[in-house]
Amino acid sequence: MKVNISDISGLIDHTLLKPTATNKDIEKLCNEAAEFGFFSVCVQPYFIKLAKEFLEGGNVKVAAVVGFPFGMTSAGAKAFEAMNATSLGADEIDFVINIGAAKSGDWDVVRRDISGVIGASKGVVHKTIIETCYLDEEEIARVVKIALDAGSEFIKTSTGYGPYGARVKDVRLIKSIVGERAGVKASGGIRTIRQVLNLLKAGATRIGTSSGVRIIEEVRRTV
């Protein structure tokens, strides 16, 4: 298996979203991201400023989650959270759609929810988390198209808090819809280089994982 480590590491959002994360955990996360050349760290909004301080002077971005993990806060609250995250220095916003509205077929609500977040946080990259584990293919297609029309730069598969995370079939479906209009972030349950390669082959352009170090060390053992 021939894998270019820098190509893989540069696609990884090094993620720590556990509610028990501490300042020291975030420092470790940021140090690892800088050492391994990950694209970003993905953290809870509370840790944005701290992560920016630890990463100051480097190239690693800071992504923050919004409406996480269930997406069921009000559209106004979610928009404010996105605006606040941007003001604290987040470079990217990973936000969860209103899953209940999507399952109910309330597509105007879903549209306002997504547009509200993107409109409130201009100048940053937005990753719309559609939580594929709860949606059928028709619902996935509908949400993806709404997110694209709203200006989302990425479609993200999962929070990692559902019954399953990124699947090749879901990434392939999303990619078939977005084409070159947006990136596809695969996340949730990604722990091996084989998973990463399969997801990239299916069309993923970013990988969200808390196992980034383990994955790159696995690559190093095989090259």
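Computed from a predicted structure; not experimentally measured. (Residues numbered from 1 in each chain as written. Predicted model: local features only at pLDDT ≥ 70, side-chain atom pairs only at ≥ 80, totals over all residues. Heavy atoms only, no water.)

A.B. asks: Would you mind going over the overall build of the protein chain in detail, with residue names and values included?
C.D. replies: Per the secondary structure count, the protein chain includes ten helices and eight strands. Against the globule reference of 17 Å for 223 residues, the protein chain gives a C-alpha radius of gyration of 16 Å, in line with a compact fold. Along the three orthogonal principal directions, the C-alpha set of the protein chain runs to about 50 × 35 × 30 Å. Considering only residue pairs separated by 6 or more positions, the protein chain has 69% of its internal contacts joining residues 24 or more positions apart. (Helix = DSSP H or I, 4+ residues; strand = E, 2+ residues; numbered from the N terminus. Rg over C-alpha atoms; globule rule 2.2 N^0.38 Å. Contact = heavy atoms within 4.5 Å.)

A.B. asks: Summarise the pairing of strand 8 (residues 206-209); cite the residues concerned and give the values.
C.D. replies: Because side chains alternate across strand 8, one face comprises the buried residues Arg 206 and Gly 208, and the other comprises Ile 207 and Thr 209, equally buried. Relative to strand 8, strand 1 (residues 12-15) runs parallel, the two being bridged by three bridges. Note on strand 8: the bridge partner recorded for His 14 is Thr 209. For the crossover from strand 7 (residues 183-187) across helix 9 (residues 193-202) to strand 8, the handedness is right-handed. (Buried < 20%, exposed > 50% of the residue type's maximum accessible area, 1.4 Å probe, protein only. Pairing = 2+ DSSP bridges. Right-handed = clockwise from strand over helix to strand, strands pointing away.)

A.B. asks: Can you explain the nonpolar core? Please cite residues and give values.
C.D. replies: One finds Val 41, Ile 93 and Ile 130 to be the most contacted residues of the largest nonpolar core, which totals 71 residues. No other element matches helix 7 (residues 137-150), which puts six residues into this core. Those residues in contact with Ile 130 that lie beyond four places of it in its chain are Ile 97, Leu 135, Ile 140, Val 143, Val 144, Ile 155, Lys 156, Thr 157 and Ile 174. (Core = buried A, V, L, I, M, F, W, Y, C linked by side-chain atoms within 4.5 Å.)

A.B. asks: I'd like a description of the side chain of Ser 211, backed by residues and values.
C.D. replies: By the secondary structure assignment, Ser 211 is in the loop between strand 8 and helix 10 (212-222). With a relative accessible area of 7%, Ser 211 lands in the buried category. Aside from chain neighbours lying at most four places away, what touches Ser 211 is Ile 190 and Arg 191.

A.B. asks: Describe the packing of aromatic side chains, naming the residues involved and giving the relevant values.
C.D. replies: In total, this model carries three aromatic pairs according to the counting rule given. Measuring from centroid to centroid gives 5.3 Å for Phe 68 and Tyr 161, while their planes differ by 90 degrees, and the two rings are edge-to-face. One end of the pair, Phe 68, is in the loop between strand 3 (61-66) and helix 4 (75-87); the other, Tyr 161, is in the loop between strand 6 (154-156) and helix 8 (168-178), and 93 residues separate them in sequence. On the basis of relative accessible area, Phe 68 is assigned to the buried category, the value being 16%. According to the relative accessible area criterion, Tyr 161 is partly exposed, its value standing at 39%. Sitting over the face of the ring of Phe 39, Arg 206 holds its NZ or CZ atom 3.9 Å from the ring centroid. (Phe/Tyr/Trp six-rings, centres within 6.5 Å; stacked < 30°, edge-to-face > 60°. Lys NZ or Arg CZ within 6 Å of the ring centre and 35° of its normal.)

A.B. asks: Outline the layout of surface pockets, supporting the account with residue identities and numerical values.
C.D. replies: Empty space among the atoms can be located by rolling a probe the size of a water molecule over them. In this structure, the largest pocket encloses a volume near 630 Å³. Lining the largest pocket are 29 residues; nearest its centre among them are Thr 15, Leu 16, Leu 17, Thr 209 and Ser 210. Elements that contribute at least two residues to the lining of the largest pocket include exactly strand 1, helix 2 (23-36), strand 7 and strand 8. Element by element, the count of residues in the lining of the largest pocket is highest for helix 2, at four residues. (1 Å grid on protein atoms, 1.4 Å probe; cavity = no way out; pocket = protein on both sides within 12 Å on 5 of 7 lines; lining within 4 Å. Points joined across faces, edges and corners; volume = space filled by probe spheres on them.)

A.B. asks: Help me get a handle on the sheet that holds strand 1, residues and values and all.
C.D. replies: By way of backbone hydrogen bonds, the strands of a sheet pair with one another, either parallel or antiparallel. The strand order around the closed barrel built from eight strands is 1-2-3-4-5-6-7-8, with neighbouring strands paired in parallel fashion. Strand-to-strand twist across the sheet, computed as the mean angle between neighbouring axes with direction ignored, equals 25 degrees. Sheet strands touched by helix 4: strand 3 and strand 4 (92-96). Its angle to strand 3, the strand with the most contacts, is close to 165 degrees. Across the sheet, helix 6 (residues 107-120) is in contact with strand 4 and strand 5 (125-129); its angle to strand 4 comes to roughly 160 degrees. (Axes fitted to C-alpha atoms, helices over the stretch in contact; angles between N-to-C directions.)

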